[in-house]
Protein chains: 2
Amino acid sequence: MPSWNDGAAKKSIIEFVTRVTKADGPDFVQPAERIAVFDNDGTLWAEQPMYFQAFFTLDRVKALAPQHPEWKTQEPFASILKGDVKSALAGGEKALGQLMMATHVGMTSEEFEKIVSDWIATARHPKTGRLFTEMVYQPMLELLTYLRANGFKTFIVSGGGIEFMRPWSERVYGIPPEQVIGSSVKTKFDLRDGKPVLVRLPEINFVDDGPGKPVGIQMHIGRRPIAAFGNSDGDLQMLQWTAIGAGQRFMLLVHHTDAEREWAYDRQSPIGRLDKALDEALRRGWTIVDMKKDWKRVFPFQ
Amino acid sequence: MPSWNDGAAKKSIIEFVTRVTKADGPDFVQPAERIAVFDNDGTLWAEQPMYFQAFFTLDRVKALAPQHPEWKTQEPFASILKGDVKSALAGGEKALGQLMMATHVGMTSEEFEKIVSDWIATARHPKTGRLFTEMVYQPMLELLTYLRANGFKTFIVSGGGIEFMRPWSERVYGIPPEQVIGSSVKTKFDLRDGKPVLVRLPEINFVDDGPGKPVGIQMHIGRRPIAAFGNSDGDLQMLQWTAIGAGQRFMLLVHHTDAEREWAYDRQSPIGRLDKALDEALRRGWTIVDMKKDWKRVFPFQ
């Protein structure tokens, strides 16, 4: 893990992996049980100044606007089309729900996959000018590789959309679609001209955040992870669920402390708030990554 | 696959696998895309005279009866306690729902896993006197092994309960819990004396049958299988969904034709009805296994 500075965080990772893989040691864990779960936003890639899926949503509103002349006067769409995202999001959860439903459903699963693939191939972050898939954390990529080289199976467990991540998770993280867990809408099997399709419906199926993360883990994996990696209060229950199992356990929080190379935020941030989980990590001795100190490099392009 | 007689069914399997694994051939499929999905009841293990999970349910009613004196007079429980399953099930879906909710929910996911594990270790089939996990099809076990040896990832996609299968699927089929897809109830994250648990709730989460199977496949796997194995109309949409993809595809139905070594049933059977799917298999040239002719041996103990 060349992008990690030597320090307590790196040391704790290596010690844990060494213990559970030592074939004749007391803490040995069978490869089948070496399940590691990773939050995505703020843990594997950045999440400021807003979740990257929100940029996708805004871009989709703009792309679809010609088919929706009524959006010119209808909120939250009207504000977005005027470039006033702040006013658009002033409508809170209701506005967000409207935006999701206007942009994420109604098409088939294959059509949505293509929309995401096309967008992620070209869309760029407003601050760095980089592709969003370049704004992944180099030390975390190395950690994923290190764990897999030691027989771990790596999963994403994210509040983001499961079908928003799958089109690129294998290429970017080496995590195949069947190891991606996320939020979802309901879908419906249908025959269109005799051809089977899955249609994305305007109804939430599952919210994979906070207490939903252990639920999603059990639903998809069916066994308890032995290592969990997050960065915000939305990851707290996933870390608790991981921590309570028998044998060696590893819990880690990425603390965003680097305003220069990335962003610095924690207890007060509306995006990726890290408050209760930070207290619990301190109390329980979970590993906390101080991004500024622990990481030689943040992004691969730096 | 020593338990398969030489014939069209065995030949079609081997030809398909040979084509998609030939590295310089026109039909080569990358290992990551070699996804094979298997129905469970009637495809990997037997399902007569009723689904094995129904035996589990009846046994649980009997085990829980001392805590429910009211069941002595309350249907469908009263009939079951008198040994009259037929009358109990005369109440149709409503009765089944009551039985499920009385036996499958209210406990934590860990408690339910232990209940299933304890039952499956000792419960025996009323006709053969064998453990239910012995009533798996030897030729299908060999097929699972053959596919995995050729780089396939094998999944169960069953109308049965996901948490009813996971405690034994790895030991019996070599299929780990994260590759088991099935029906489920909702669960809720909770803290009990500060310890995180998942509580099984009396509410259906997902029915993984018929048109639900492609939905379950997309939810859990996120890519289309290239091979699908079933035995009843409840598998039709899974086979259609598999068939429509690009490149080489393999669809197979197990036809229960062997009244002597197993059971013979198809178009008229209330359990595992095979009618529409049989017509479609014949029309489209999908592989149909004639259990009597194609299998040298049905169960491992024969």
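Residues numbered from 1 in each chain as written. Chains lettered and ligands numbered in written order. Predicted model: local features only at pLDDT ≥ 70, side-chain atom pairs only at ≥ 80, totals over all residues. Heavy atoms only, no water.

1. Thoughts on unusual backbone geometry
Q48 of chain B connects to P49 of chain B through a cis peptide bond whose omega is -5 degrees. You can see P49 of chain B is positioned in the loop between β1 (35–38) and α2 (52–64). Going from E75 of chain B to P76 of chain B, the amide bond is cis rather than trans, its omega being 5 degrees. Among the structural elements, P76 of chain B can be located in the loop between α2 and α3 (77–81). Backbone geometry at D193 of chain A places phi at a positive 50 degrees, although glycine is not the residue there. Among the secondary structure elements, D193 of chain A is positioned in the loop between β3 (180–192) and β4 (195–206). (Helix = DSSP H or I, 4+ residues; strand = E, 2+ residues; numbered from the N terminus.)

2. Section: the pairing of strand β6 (residues 250–257) of chain A
Moving residue by residue along a regular strand, the side chains alternate between the two faces of the sheet. All names here are of chain A. Most of β6 is tucked away: seven of the eight residues are buried. Handedness of the crossover is the feature at issue here: the chain leaves strand β5 (residues 227–230), passes through helix α10 (residues 236–243), returns alongside β6, and the resulting connection is right-handed. With four bridges joining them, β6 and strand β8 (residues 287–290) adopt parallel strand pairing. Paired with H255 across the bridge in β8 is D290. The hairpin formed by β6 and strand β7 (residues 264–265) contains six residues between the paired strands. (Buried < 20%, exposed > 50% of the residue type's maximum accessible area, 1.4 Å probe, protein only. Right-handed = clockwise from strand over helix to strand, strands pointing away. Pairing = 2+ DSSP bridges.)

3. A few points about the sheet that holds β1 of chain B
Residue and element names in this part refer to chain B. Read from one edge of the open sheet, seven strands run β4-β3-β2-β1-β5-β6-β7, paired in mixed fashion. Among the strands making up the open sheet, the edge pair consists of β4 (195–206) and β7 (287–290). For this sheet, the mean inter-axis angle between neighbouring strands, taken without regard to orientation, is 30 degrees. Pairing of strand β5 (residues 227–230) with strand β6 (residues 250–255) involves four bridges; the strand directions are parallel. Paired with A227 across the bridge in β6 is F250. (Axes fitted to C-alpha atoms, helices over the stretch in contact; angles between N-to-C directions.)

4. Focus on the confidence of the model for chain A
The predicted model of chain A has a mean per-residue pLDDT of 97, with 100% of residues at 70 or higher. Here the predicted complex carries an ipTM of 0.96, next to a pTM of 0.97. (pLDDT = per-residue confidence, 0-100.)

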